[in-house]
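Chain by chain, the residues run as shown.
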Amino acid sequence: MAPTTTKQWIVTGVEKGFDGLEFVDAEIPKVGDSDVLVKLHAASLNYRDLIIPKGMYPFPASFPVVPSSDGAGEVVEVGSKVSQWKKGDKVVTLFNQGHQYGPIQPSMMGTGLGGAMDGALRQYGVFSENGLVRAPANLSYVEASTLPCAALTSWNALYGLKPLKPGETVLVQGTGGVSIFALQFAKAAGARVIATTSSKEKEEILKKLGADHVINYKEDPNWGETAKKLTNGAGVEHIVEVGGANTLQQSLNAIKPEGVINIIGFLGGGNAETSILQCLMHICTARGILVGSKALMEDMVAAIEANDIHPVVDKEVFSLENTKEAYEYMVRELPFEDA
């Protein structure tokens, strides 16, 4: 018999920051004809989860809301009209529940889990059958839970607009989740990868993951020109831009004509002095990304299985009851993002 109640975390609002996180008991909604009840075995946190309780998230959010877009679990009940899933299936959540395929539309931007809709930090959740994706067979629940936000964002960066080709060059910034996934996906595709970091320790991490070149941006503030030189002056085809104001100019210096700068984050600030007109001067595309579609995620899952890619998971894994400690730990460890 399916459970009727669940323990879950909620973000009550933006006035109290992390003190607005509460662990509560809640009734599980009735499973509709096209819905699926999932027992969630793991969830992961992203930078987004840290800024939503602080009122810094620039996209739709409503409160109270169950946080975290990223969950992995097992189907325990399906509605009468569900055709995609059966009891026992291993699934992961789709970040924007309404983004099934093609370009994102305005109406889809209000369907983000953990912001506009209840997310994964709970024992059980009811989701539309279209809001789930098959989990890769080669991954554990903990590994699979990292895919909906960071992994899909990086896959969209490399394949959503101008698909990456073997032999092309990808530039990634730092050692955060999106950058690490982009490095792994690019190497699996036969691309070269240039990575930036600020420490010798992280340089070794990036090299072990396959980076062909690593630039210390603290030692080389003009790393964009250096990256371009590493391509014999041609420039980089794809840049995964997570730094924002602090890095955008260097990304423009590194880009190849007709290349794509995928703007994903603003760890270095959101008020850039660099003008969008520089895209004309560099003959390139600058593209904002809000994660990706279900169709893209299904392609990504296939690639993860075919290449036996495993996410890089932090050594610390927390119980659901200790979620607030996980938030605090992530804040302390955020420099690992190193954008």
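Nothing here was measured: the structure is a model prediction, and the numbers come from that model.

Some remarks on the state of the cysteines
Counted by the stated rule, this structure contains 0 disulfides. Cysteine Cys284 remains unbridged, with the sulfur of Cys279 as its closest cysteine sulfur at 4.2 Å.

Some details on the sheet that holds strand β4 (residues 70-78)
Read across the sheet, 5 strands follow the order β6-β3-β4-β5-β7 without closing on themselves; strand pairing throughout is antiparallel. Only two strands of the sheet have a single neighbouring strand rather than two, namely β6 (124-128) and β7 (132-134). The mean inter-strand angle of the sheet, taken between neighbouring strand axes irrespective of direction, is 45 degrees. Pairing analysis gives 5 bridges linking strand β3 (residues 35-44) to β6, with the strands arranged antiparallel. Bridge pairing in β6 links Val36 to Phe127. This element, helix α3 (residues 147-159), spans β4 and β5 (90-93) of the sheet and lies at about 120 degrees to β4. Running over the sheet, helix α9 (residues 294-307) touches β5 and β7 and is turned about 25 degrees from β7.

Considering the pattern of salt bridges
Tallied over the entire structure, the rule returns 7 salt bridges. One salt bridge connects Asp89 with Lys86, and the closest N-O pair in it is separated by 3.0 Å. By relative accessible area, Asp89 is classed as buried at 15%. What makes Lys86 exposed here is its relative accessible area of 54%.

Examining the pairing of strand β11 (residues 236-241)
Counting buried positions over the 6 residues of β11 gives 6, a clear majority of the element. In the sheet, strand β8 (residues 169-173) pairs with β11 via 3 bridges, with the strands oriented parallel. Within β11, the residue paired with Val170 across the bridge is His238. In the sheet, β11 pairs with strand β12 (residues 255-263) via 5 bridges, with the strands oriented parallel. Within β12, the residue paired with Val236 across the bridge is Ile255. With respect to chirality, the unit in which β11 leads through helix α7 (residues 248-254) into the neighbouring parallel β12 is right-handed.

The rules we used
Residues numbered from 1 in each chain as written. Predicted model: local features only at pLDDT ≥ 70, side-chain atom pairs only at ≥ 80, totals over all residues. Heavy atoms only, no water. Disulfide = S-S within 2.5 Å. Pairing = 2+ DSSP bridges. Helix = DSSP H or I, 4+ residues; strand = E, 2+ residues; numbered from the N terminus. Axes fitted to C-alpha atoms, helices over the stretch in contact; angles between N-to-C directions. Contact = heavy atoms within 4.5 Å. Salt bridge = Lys/Arg side-chain N within 4 Å of Asp/Glu carboxyl O. Buried < 20%, exposed > 50% of the residue type's maximum accessible area, 1.4 Å probe, protein only. Right-handed = clockwise from strand over helix to strand, strands pointing away.

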